[in-house]
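Below are the chains, spelled out letter by letter.
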Amino acid sequence: MYSKEQSSQLRQTFWTTFGQYIAPQLSADGLKINWINYKTGIKHVNFKMLAESRSAIIAIELSHPDAGIQELFFEQFKELRLVLADALNEDWEWELHTTDVNGKTISRIYKDMDGVSIFNRNDWPALISFFKPRVIALDDFWSTARYSFEALQ
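Residues numbered from 1 in each chain as written. Predicted model: local features only at pLDDT ≥ 70, side-chain atom pairs only at ≥ 80, totals over all residues. Heavy atoms only, no water.

Student: Can you lay out the overall build of the protein for me, pointing to particular residues and giving the numbers?
Tutor: A tally of regular secondary structure across the protein gives four helices and four strands. Reading the secondary structure of the protein in the N-to-C direction produces α-β-β-α-α-β-β-α. At 16 Å, the protein has a C-alpha radius of gyration in line with the 15 Å of a compact globule built from 153 residues. In terms of principal-axis extent, the alpha carbons of the protein reach across some 45 × 35 × 25 Å. By residue count, 41% of the 153 residues in the protein fall in the buried class. Look at the contacts in the protein between residues 6 or more apart in sequence, and 62% of them connect residues 24 or more apart. Summed over all atoms, the accessible surface of the protein reaches about 8,800 Å², with 48% contributed by carbon and sulfur. (Helix = DSSP H or I, 4+ residues; strand = E, 2+ residues; numbered from the N terminus. Rg over C-alpha atoms; globule rule 2.2 N^0.38 Å. Buried < 20%, exposed > 50% of the residue type's maximum accessible area, 1.4 Å probe, protein only. Contact = heavy atoms within 4.5 Å. Areas by Shrake-Rupley, 256 points an atom, 1.4 Å probe, with all protein chains shown as cover.)

Student: A description of the side chain of His64 should follow, citing residues and the corresponding values.
Tutor: Its place among the elements puts His64 in the loop between strand E2 (55–62) and helix H2 (67–79). By relative accessible area, His64 is classed as buried at 18%. At a separation of 3.0 Å, a polar atom in the side chain of His64 contacts the main-chain amide nitrogen of Asp66. Setting aside chain neighbours within four positions, we find His64 in contact with His44, Ile69 and Gln70. (Polar contact = N/O pair within 3.5 Å; in protein donor to acceptor, adjacent residues only side chain to side chain.)

Student: Describe in detail the nonpolar core, supporting the description with residues and values.
Tutor: The biggest cluster of nonpolar side chains holds 40 residues, and the ones touching the most others in it are Phe14, Ile60, Phe77, Leu127, Phe131 and Trp142. Contributing elements (two or more residues each) for this core: helix H1 (4–22), strand E1 (45–51), E2, H2, helix H3 (81–88) and helix H4 (124–145). With 11 residues, the top contributor of residues to this core is H4. Leave out the neighbours within four places in its chain, and Phe14 touches Ile118, Trp124, Leu127, Ile128 and Phe131. (Core = buried A, V, L, I, M, F, W, Y, C linked by side-chain atoms within 4.5 Å.)

Student: Describe the pairing of strand E4 (residues 105–114), and please don't skip the residues or the numbers.
Tutor: Two strands pair when backbone bridges link them, and E2 and E4 are joined in this way by eight bridges, in the antiparallel orientation. Note that in E4 the partner of Ala56 across the bridge is Met113. Taken together, the five bridges between strand E3 (residues 93–99) and E4 define a ladder with antiparallel strand orientation. Each residue of the ladder has a partner; that of Trp94, found in E4, is Ile109. Once E3 ends, the chain turns through five residues before running back antiparallel as E4, passing Gly103 with a positive phi of about 85°. (Pairing = 2+ DSSP bridges.)

Student: Please set out the sheet that holds E4 residue by residue, giving values where relevant.
Tutor: As a general point, the strands of a sheet are linked pairwise by backbone hydrogen bonds and lie either parallel or antiparallel. With antiparallel pairing, four strands are arranged side by side in an open sheet as E1-E2-E4-E3. Looking at the sheet topology across the chains shown, the edges are occupied by E1 and E3. Across this sheet, the average inter-strand angle for adjacent strands is 30°, counted without regard to direction. On top of the sheet, H2 reaches E1, E2, E3 and E4; it is set at about 175° to E3, its chief contact. (Axes fitted to C-alpha atoms, helices over the stretch in contact; angles between N-to-C directions.)

Student: Hey, could you go over the confidence of the model for the protein for me, with residue numbers and the actual values?
Tutor: Per-residue confidence for the protein averages 94 on the pLDDT scale, and 99% of its residues sit at or above 70. When mean pLDDT is taken per element in the protein, E4 scores highest with 98 and H1 scores lowest with 94. (pLDDT = per-residue confidence, 0-100.)

Take a look at the structure:
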């Protein structure tokens, strides 16, 4: 068991390591990008990567405070479902109006991986191998799909 400080330090070290590993990768538009804090350019649409003690998740998170508008964004993603699946080379889970860890209503499209821990350095290669191709694929998808969402802002 790790103390809160040790836990925080391990998380920070993992994300720094991941950031250094993926930093040379340019975006689909050929630009340098902060992969860990990916900016979609659309308010309330975020790409999230989260690693915990027993699992990891990468997600497109829709967090608009108005549930109706959040659903419009979700429906727009559904219109692009085949394009997204083609970019990702896999199907992801879709959840409309679920609750995040803070009790906030969100919708998300995600892929998770069980049996890995950010607190086990031996799992870090598996975590990096999980996150890297998927965040790059999300960027590739988003480089053209984002224009479909600008009218919804």
